[in-house]
Protein chains: 4
Amino acid sequence: MAGNSFGQVFRITTFGESHGKGLGVIIDGCPSGIEVDENFILAELARRRPGQSAIVTQRKEPDKMELLSGIFEGKTTGTPIGMVIYNSDAKSKDYAHIKDKFRPSHADYTYMAKYGTRDYRGGGRSSARETAARVAAGAIAKLLLKKYNISVHAYVNQVGDLKLEKAYNELDFNNIESTPIRCPDLKMAERMITHIKEIKKAGDTIGGVVTGVIRGCPAGLGEPVFDKLHADLGKAMLSINACKGFEYGSGFAGVRMRGSEHNDPFIKEGDTVKTTTNHSGGVQGGISNGMDIYFNVAFKPVATIIQSQNSVNEAGEIVEVTGKGRHDPCVVPRAVPIVEAMAALTLADHLLRNNAIMGMNE
Amino acid sequence: MAGNSFGQVFRITTFGESHGKGLGVIIDGCPSGIEVDENFILAELARRRPGQSAIVTQRKEPDKMELLSGIFEGKTTGTPIGMVIYNSDAKSKDYAHIKDKFRPSHADYTYMAKYGTRDYRGGGRSSARETAARVAAGAIAKLLLKKYNISVHAYVNQVGDLKLEKAYNELDFNNIESTPIRCPDLKMAERMITHIKEIKKAGDTIGGVVTGVIRGCPAGLGEPVFDKLHADLGKAMLSINACKGFEYGSGFAGVRMRGSEHNDPFIKEGDTVKTTTNHSGGVQGGISNGMDIYFNVAFKPVATIIQSQNSVNEAGEIVEVTGKGRHDPCVVPRAVPIVEAMAALTLADHLLRNNAIMGMNE
Amino acid sequence: MAGNSFGQVFRITTFGESHGKGLGVIIDGCPSGIEVDENFILAELARRRPGQSAIVTQRKEPDKMELLSGIFEGKTTGTPIGMVIYNSDAKSKDYAHIKDKFRPSHADYTYMAKYGTRDYRGGGRSSARETAARVAAGAIAKLLLKKYNISVHAYVNQVGDLKLEKAYNELDFNNIESTPIRCPDLKMAERMITHIKEIKKAGDTIGGVVTGVIRGCPAGLGEPVFDKLHADLGKAMLSINACKGFEYGSGFAGVRMRGSEHNDPFIKEGDTVKTTTNHSGGVQGGISNGMDIYFNVAFKPVATIIQSQNSVNEAGEIVEVTGKGRHDPCVVPRAVPIVEAMAALTLADHLLRNNAIMGMNE
Amino acid sequence: MAGNSFGQVFRITTFGESHGKGLGVIIDGCPSGIEVDENFILAELARRRPGQSAIVTQRKEPDKMELLSGIFEGKTTGTPIGMVIYNSDAKSKDYAHIKDKFRPSHADYTYMAKYGTRDYRGGGRSSARETAARVAAGAIAKLLLKKYNISVHAYVNQVGDLKLEKAYNELDFNNIESTPIRCPDLKMAERMITHIKEIKKAGDTIGGVVTGVIRGCPAGLGEPVFDKLHADLGKAMLSINACKGFEYGSGFAGVRMRGSEHNDPFIKEGDTVKTTTNHSGGVQGGISNGMDIYFNVAFKPVATIIQSQNSVNEAGEIVEVTGKGRHDPCVVPRAVPIVEAMAALTLADHLLRNNAIMGMNE
């Protein structure tokens, strides 16, 4: 039982390698009647695309996308939506230099250990190019959420030691797309960009943190005891390439707090029950409580560096590996739309899962 | 589609509330031929049980467990294993004081928002008592993993500000069960215990971190791109009550590192490919690489405090809520066996998932 | 990935053997707010129970049932419903005579081939006693369907060569429970009963057909292209012990018809689109069309006969097998409530699956 | 939760409409190392293709197929296999005459009832063209089964009243592809062809039965109690367009038999346990017993007839519907490869499901 599907009701299944003919996704379970603007999907893909700025990889991937099914006369029909993104760059390159080598902290060795074979061209299925399919599907999920007034945001919160001190609700999200780093604090954005350029010049890479924020989520989403909303969000984020950690609400910092500080007192505003603080991160007992949902996603430094490293090859001999070509010095700017996509897919799924049983009570 | 099942091949489904007749679990997909020692299950349950020491809740829950099916002549038969744990304490108590109140940072409000009703007796399904079923099932998973020489460990790494400085591989796991706090550094254990007692005396609670370690896991487990091994481990942990975060390998600290430091160089030892460092935490590209798997799980302070708090009731009126009775001042000592159980369940599932396709290559 | 769960949204998981401590079921995904009358569940179980009449097995199985969770103050809470039925008769009997023999057309050999072991006491998991858990869960499904005015009926249509000539809509369903054979044509019922008694006297068994009818099903249930409503109904029925075939609407007889006869013309009655004939059996393209859904389920003669038969034992030696004890001469009278239960479970699941996406369009 | 996936471990998900840009399938869970001959897939598609003979529809569908992923250097890699079949014929035709009409016994009305919209061009998702994706995926499943020496066959057993008297094991399967009707009895084949031509000339259609046979299946496949091997085969067949019934082994005829005739006595031949008769159809208790698996699949007459019929339109007005164009007078000749494909997919899935737990016992 391979793991290329995500979601239970709003369910995506992806396929494709970085250097094959193409990659794609099927969305099964999308309700009918959602207006789909193809340009919106393309715009989302553009936010993830290589070559968009000086601080990301300069590879060219035009992301030629084709909507094959599930949409008729501009609206979803309720049948599966198939999308393919062709690899224009799929020409036969020379991979002889890494063909039988295991690049450190890449998935070369583990794919070989698992499958007894691997597509050695540019990482194959383990390439981050796979996430383009997630972003395309996530665009449809966002359109679904929009009907419910749920919005999904993400931004860069940390690059190496450079970390925002402001909380998510002290920032102006309109600034996110103003800079290539996607950090809404413009001064910090500049510092992060400078830092990444230095790292890049050194042939090295650096990690970072992306913060995700979901607004407008109604109370009631999440399916205890295992499919708690934050547990599925966590899995969604941890499934993104290079992700090393996930925390929501007070997160790891919360462990230092006392219950008397950490508890979020309830109040009533108009007809709505709210909490005066939000250490819970919008989720209590695995179910959304109507407050903002926010979380942090940790990304390690990219494994491909332009420096020589020791490793072994398939025969177990010691070899030297040197990254070449055009790789990201830091994943976080391009991870922002991916975090948003996975959050939107998780929310869309839980929204529909909740619909299944809610119908009864209306 | 409710969320009370975990795992795809080795799959558990749990049921039961804290104050109903009982709770339990069905394991579906456990292979035949595994010797099951009922005493081992009971011993695992005893590690989770209230009342085991002065630093945990003094509630009495005898955990009368009954194995109903799936085991014949001491071995699993391959048919579903049904286990029930009866609530001996299910007598009608007086819950009038919280019946219609929403306790801060509990699941009272969200269950009501989702289901339009709730079992207000002691938290109902949202009670941590539900995890007893996980521990019972986890015991069977551990017995399965033992056949593959895979072992699962967990210990308390942090309580409030008291945090171990040693890494998991510098600690003597034989010390874990020596103290009620389950921290293998005995000096730190003493400090943690003292700290928790003070917190308890103040009617307050405190958070903490549990570290999990899996040894002997073969390379090849994990199902990219969504069901990566660490993504399923993360979901497993995040589904535990009070969990606020998960990180594996270098985790959130890894974001500050450069690729040149973070990458784990491959070497060959005898016939085995290893890495000289292990920032990857035993997982690369979502697939185990044969090294130790280690991870941290953050727990918030328990929401029930013996102090008066403001809140609202179902009618939206301002009310006062005061915890009473016998609650945990800190969940981590009792969370240790739960973290182990969820890790064992995740590994058992991925082991069998991998078997499904491996058969072909042998 | 073992197969003891049925349904996607309204999902049951069963466990238990005929001669272990008990058997049971968890229902996960049942909406909250459904009133559950325990006596209704018991009444359904009584319809399946051995010993209810002279034409069924005289075994005693009191079906002591316990509702363990998911129901509070008489209503479902939305959390999993756990039910256990204890085997009062689980005392150690003498099974030495069949312990290592493979009874012809039983599951003894195949369970041994699959699992390398088997619970030889009375069939273990392959015993039809397992269906008691389905009937208990089906009772809850019926209560859910009732809220939507959907009713589920079944009756005996054929025993051996004795077959009703009347179609389902020419029969008075009020007669079904009037006779122990559960055939609504009272004259035919008498003939069937006489026939079964003769078969029984000869120490033999006979097959039969049960017809199922679902009324009040709204148009729109069913999930093409694989989870067509009739495909899931078919799987549900084929999963019942001794079932050999399933047909719906015109069924196997329909293959002899021409399109011009078989097509069901649409008309409009009031606000409702109907068809003037119903060869479609209430399902077109895998989706219910609002007309009655009807289907036939074929059951083979019970394998246990009171006659000596040749077989082999585990060592491969030729042995003689003679059924003894109290077995059903014909399964169909007791299969009626099981067919109803499986139909109700299928419909409840599809109703909720449809709710998941319908919410959007309202 | 929409239903466009089939299988649990070897799992396919399909998408696409008859008149959109294309249709396709993702296979997730196919083991690595299987040699894939693209020509074999094309040959299987050719057997399903319209226009292949005088007794099938004369529509032209070139089935331009593209393998997008999951295969590298001629072998499967263990990653998802994506295949797209483009609709060369996707030009804008004039569908005005049926755009808002519900064709009798088609899925027009039910799709509209379910989704509130429909792709009216040639049936959209409900078109039998969707089965091309199944055949493509089934070809890969056949290649997997071949490694285990399991073969899958199907042939036409009945057209209208013309029914073979010989059992499957009295026929020469080499004759199946000799005639366009795919009936291995050549005399009957001729009569069937003549009959279909007459039906076609009358502008009418006729039903039929396809028999499926699986040889070489080892004992042990099938997952009781719900995912019995025959139950999943039944669902697979019932999910094919126009299918009205499924029976295996003795099937509906078995209901007339006595246990003493119907039971299959065990014998031992060499090291193998066999049965002297095979009323069980190769499956006992839901698990394969090593004997041939055989089953019948009933297909109704095609709904599109070249005759005028009364119906209603979306507004509920009475309208006249007349099929035009090039439709199949009888589906069974083209259903043969589809039945094979669905059988192969079911077996491949159960083989891998069994592998998951078998690993333990080896």
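Residues numbered from 1 in each chain as written. Chains lettered and ligands numbered in written order. Predicted model: local features only at pLDDT ≥ 70, side-chain atom pairs only at ≥ 80, totals over all residues. Heavy atoms only, no water.

Secondary structure assignment for chain A yields seven helices and 18 strands. For chain A, whose C-alpha radius of gyration is 21 Å, the value lies close to the compact-globule estimate of 21 Å for 362 residues. For chain A, the spread of C-alpha atoms along the three principal axes comes to 65 × 50 × 35 Å. Counting over 362 residues, chain A shows a buried share of 69%. Here the analysis covers contacts within chain A between residues at least 6 apart in sequence; of these, 69% occur between residues at least 24 apart. (Helix = DSSP H or I, 4+ residues; strand = E, 2+ residues; numbered from the N terminus. Rg over C-alpha atoms; globule rule 2.2 N^0.38 Å. Buried < 20%, exposed > 50% of the residue type's maximum accessible area, 1.4 Å probe, protein only. Contact = heavy atoms within 4.5 Å.)

Note on the identical chains: chain D maps onto chain C by a rotation of 180° and an axial translation of 0.0 Å, with an RMSD of 0.0 Å. Both chain copies can therefore be described as sitting about a two-fold axis. (Least-squares fit on C-alpha atoms with pLDDT ≥ 70 in both.)

Let us now look at the interface of chain A and chain C. Contacts between the two partners involve 16 residues from chain A and, on the opposite side, 16 residues from chain C. Where chain A abuts chain C, roughly 1,200 Å² becomes buried across the two surfaces, and 66% of that area is made up of carbon and sulfur atoms. Put simply, chain A and chain C have zero salt bridges between them. At the surface where chain A touches chain C, the tally comes to two residue pairs in polar contact (both at pLDDT 80 or more). (Buried area = accessible area lost by both parts, 1.4 Å probe. Salt bridge = Lys/Arg side-chain N within 4 Å of Asp/Glu carboxyl O. Polar contact = N/O pair within 3.5 Å; in protein donor to acceptor, adjacent residues only side chain to side chain.)

Residues and elements named next belong to chain C. If you trace the five strands from one edge of the open sheet to the other, you get 1-2-3-7-4, paired in antiparallel fashion. Each edge of the open sheet carries a strand with a single partner, namely strand 1 (5-6) and strand 4 (64-67). The pairing of strand 4 with strand 7 (residues 81-86) spans four bridges and is classified as antiparallel. In the sheet register, Lys-64 faces strand 7, and the bridge partner there is Tyr-86. Sitting on the sheet, helix 1 (residues 38-48) touches strand 4 and strand 7, and the angle it makes with strand 4 is about 145°. Contacting strand 2 (11-16), strand 3 (22-28) and strand 7, helix 3 (residues 131-147) runs over the sheet at an angle of about 30° to strand 3. (Pairing = 2+ DSSP bridges. Axes fitted to C-alpha atoms, helices over the stretch in contact; angles between N-to-C directions.)

Across all of its chains, the model carries 84 salt bridges over all chains by this definition. One salt bridge in this structure joins A:Arg103 and A:Asp108, with 2.8 Å as the shortest N-O distance. For A:Arg103, a relative accessible area of 12% translates into the label buried. With a closest N to O distance of 2.6 Å, B:Glu44 and B:Lys142 form a salt bridge. Of this pair, B:Glu44 sits in helix 1 (residues 38-48) while B:Lys142 sits in helix 3 (residues 131-147), and the two are 98 residues apart along the sequence. With respect to burial, B:Glu44 and B:Lys142 carry one shared label: buried. Three or more residues are tied together by salt bridges with common partners; here these are A:Glu44, A:Arg47, A:Lys142, A:Glu177, A:Arg182 and A:Glu340.

Attention now goes to the relation of the copies chain A and chain C. Overlay of chain A on chain C (RMSD 0.0 Å): rotation 180°, translation along the axis 0.0 Å. The fraction of interface residues of chain A whose copies in chain C are also interface residues reaches 100%, indicating that both copies meet through the same surface.

Attention now moves to the interface of chain D and chain C. Opposite the 108 residues of chain D that make contact, chain C presents 109 residues. Carbon and sulfur atoms supply 57% of the area that chain D and chain C bury against each other, a total of about 8,300 Å² over both sides. For the interface between chain D and chain C, the tally reads eight salt bridges. Between C:Asp232 and D:Lys235 there is a salt bridge whose closest N-O contact spans 2.7 Å.

In this section: the packing of helix 3 of chain B against helix 7 (residues 332-358) of chain B. In a pair of packed helices, the angle between the axes and the distance between the axes together describe the arrangement. Residues and elements named next belong to chain B. Closest axis-to-axis distance for the helix 3/helix 7 pair is 7 Å, and the angle between their directions is 50°. In this view, helix 3 runs oblique relative to helix 7, as classed from their interaxial angle. Helix 7 is crossed by helix 3, and the crossing has left-handed handedness. When helix 3 is examined against helix 7, the residues Thr-131, Arg-134, Val-135, Ala-137, Gly-138, Ala-141, Lys-142, Leu-144 and Leu-145 are found in contact with a partner set consisting of Pro-337, Ile-338, Glu-340, Ala-341, Met-342, Ala-344, Leu-345, Leu-347, Ala-348, Leu-351 and Leu-352. Looking at the contact of helix 3 with helix 7 residue by residue, the class counts come to 15 nonpolar, two polar and three charged. (Parallel < 35°, antiparallel > 145°, perpendicular 65-115°, else oblique. Left-handed = near helix turned anticlockwise from the far one by under 90°. Nonpolar A, V, L, I, M, F, W, Y, C, P; charged D, E, K, R; others polar.)

All names here are of chain B. Most of strand 10 (residues 208-215) is tucked away, with seven of its eight residues classed as buried. Where strand 8 (residues 151-159) lies against strand 10, eight bridges are found, and the strand directions are antiparallel. From the neighbouring strand, Ser-151 faces strand 10, where its bridge partner is Arg-215. Sheet topology note: the strand 10/strand 16 (residues 293-299) ladder contains seven bridges and is antiparallel. Bridge pairing links Gly-212 to Phe-295 in strand 16.

The subject of this paragraph is the environment of B:Phe173. All names here are of chain B. Tracing the sequence through the fold places Phe-173 in the loop between strand 9 (162-163) and helix 4 (186-201). Through-space distance from the C-alpha of Phe-173 to that of Ser-260 is 31 Å; in sequence the pair is 87 residues apart. Phe-173 has contacts with His-153, Tyr-155, Tyr-168, Val-213 and Arg-215, leaving out every residue within four places of it along the chain.

Residue and element names in this part refer to chain D. The buried fraction of strand 3 (residues 22-28) is high, at seven of seven residues. The two faces of strand 3 match: Gly-22, Gly-24, Ile-26 and Asp-28 on one face and Leu-23, Val-25 and Ile-27 on the other face are all buried. Bridge analysis of strand 2 (residues 11-16) against strand 3 gives six bridges, and the strand direction is antiparallel. Within the sheet, the bridge partner assigned to Phe-15 lies in strand 3 and is Gly-24.

With that settled, the discussion passes to the sheet that holds strand 2 (residues 11-16) of chain A. Residues and elements named next belong to chain A. As summarised here, the arrangement of the five strands in space is 1-2-3-7-4, forming an open sheet in which the pairing is antiparallel. Since the sheet does not close on itself, it has two edges, and those belong to strand 1 (5-6) and strand 4 (64-67), each with one partner. With respect to the sheet, helix 3 (residues 131-147) is in contact with strand 2, strand 3 (22-28) and strand 7 (81-86), its orientation differing from that of strand 3 by roughly 30°.

Right, let's get into the packing of aromatic side chains. The final tally for this structure, using the stated rule, is 42 aromatic pairs over all chains. Summarising the aromatic geometry, the rings of B:Tyr155 and B:Phe173 are spaced 5.6 Å apart at their centres and angled 50° between planes, so their arrangement reads as tilted. A residue pair is termed long-range when its members are at least 10 positions apart, and B:Tyr155 in strand 8 and B:Phe173 in the loop between strand 9 and helix 4 qualify at 18 residues. Clustering of aromatic rings is evident, with ring pairs tying together A:Phe102, A:Tyr109 and B:Phe266. (Phe/Tyr/Trp six-rings, centres within 6.5 Å; stacked < 30°, edge-to-face > 60°.)

Further remarks concern helix 4 (residues 186-201) of chain D. Residue and element names in this part refer to chain D. For helix 4, which comprises 16 residues, the first-to-last C-alpha distance of 23 Å matches the rise-based estimate of 22 Å (1.5 Å per residue) to within 8%. All of the buried residues in helix 4 are Met-188, Ala-189, Met-192, Ile-193, His-195, Ile-196 and Ile-199. Looking down the long axis of helix 4, one finds its buried residues gathered within 165° of arc, a one-sided arrangement. Seen from the buried face of helix 4, the exposed residues on the opposite side, beyond 90 degrees, are Lys-187, Glu-190, Arg-191 and Lys-201. Elements that come into contact with the buried residues of helix 4 comprise strand 8 (151-159) and strand 9 (162-163). Its side-chain oxygen at 3.1 Å from the backbone nitrogen of Lys-187, Asp-185 defines the N-terminal cap of helix 4. Within two residues after helix 4, Gly-203 carries a phi angle of roughly 70°, on the positive side. (Expected span 1.5 Å × (residues − 1). Arc of directions from axis to C-beta.)

Let us now look at the confidence of the model for chain A. Overall, the predicted model of chain A reaches an average pLDDT of 93, with 97% of residues at or above 70. Our summary of model confidence lists the complex with pTM equal to 0.97 and ipTM equal to 0.97. (pLDDT = per-residue confidence, 0-100.)

All names here are of chain C. With respect to the helices and strands, Arg-48 occurs in helix 1. Here Ala-128 takes part through its backbone oxygen, which lies 3.3 Å from a polar atom of the side chain of Arg-48. Not counting residues up to four positions away in its chain, the partners in contact with Arg-48 are Glu-61, Asp-63, Ala-128, Arg-129, Thr-131, Ala-132, Val-135, Arg-334, Pro-337 and Ile-338.

Before going further, it helps to spend a moment on the packing of helix 1 of chain B against helix 3 of chain B. All names here are of chain B. Taken N-terminus to C-terminus, the directions of helix 1 and helix 3 make an angle of 140°; their axes are 9 Å apart at the nearest point. Overall, the two elements helix 1 and helix 3 adopt an arrangement that is oblique. Judged by the twist between their axes, the crossing of helix 1 over helix 3 is right-handed. Across from Phe-40, Ile-41, Glu-44, Leu-45, Arg-47 and Arg-48 in helix 1, the residues of helix 3 making contact are Thr-131, Ala-132, Val-135, Ala-136, Ala-139, Ile-140, Lys-142 and Leu-143.

Cis geometry marks the peptide bond from A:Pro224 to A:Val225, where omega comes out at 10°. By the element assignment, A:Val225 lies in the loop between strand 10 (208-215) and helix 5 (229-238). With a phi close to 55°, D:Glu73 is a non-glycine residue in the positive phi region. When you line up the elements, D:Glu73 lands in the loop between strand 5 (71-72) and strand 6 (75-76). The exposure class of D:Glu73 is exposed, given its relative accessible area of 58%. With phi around 60°, D:Asn149 is a residue other than glycine that occupies positive phi space.

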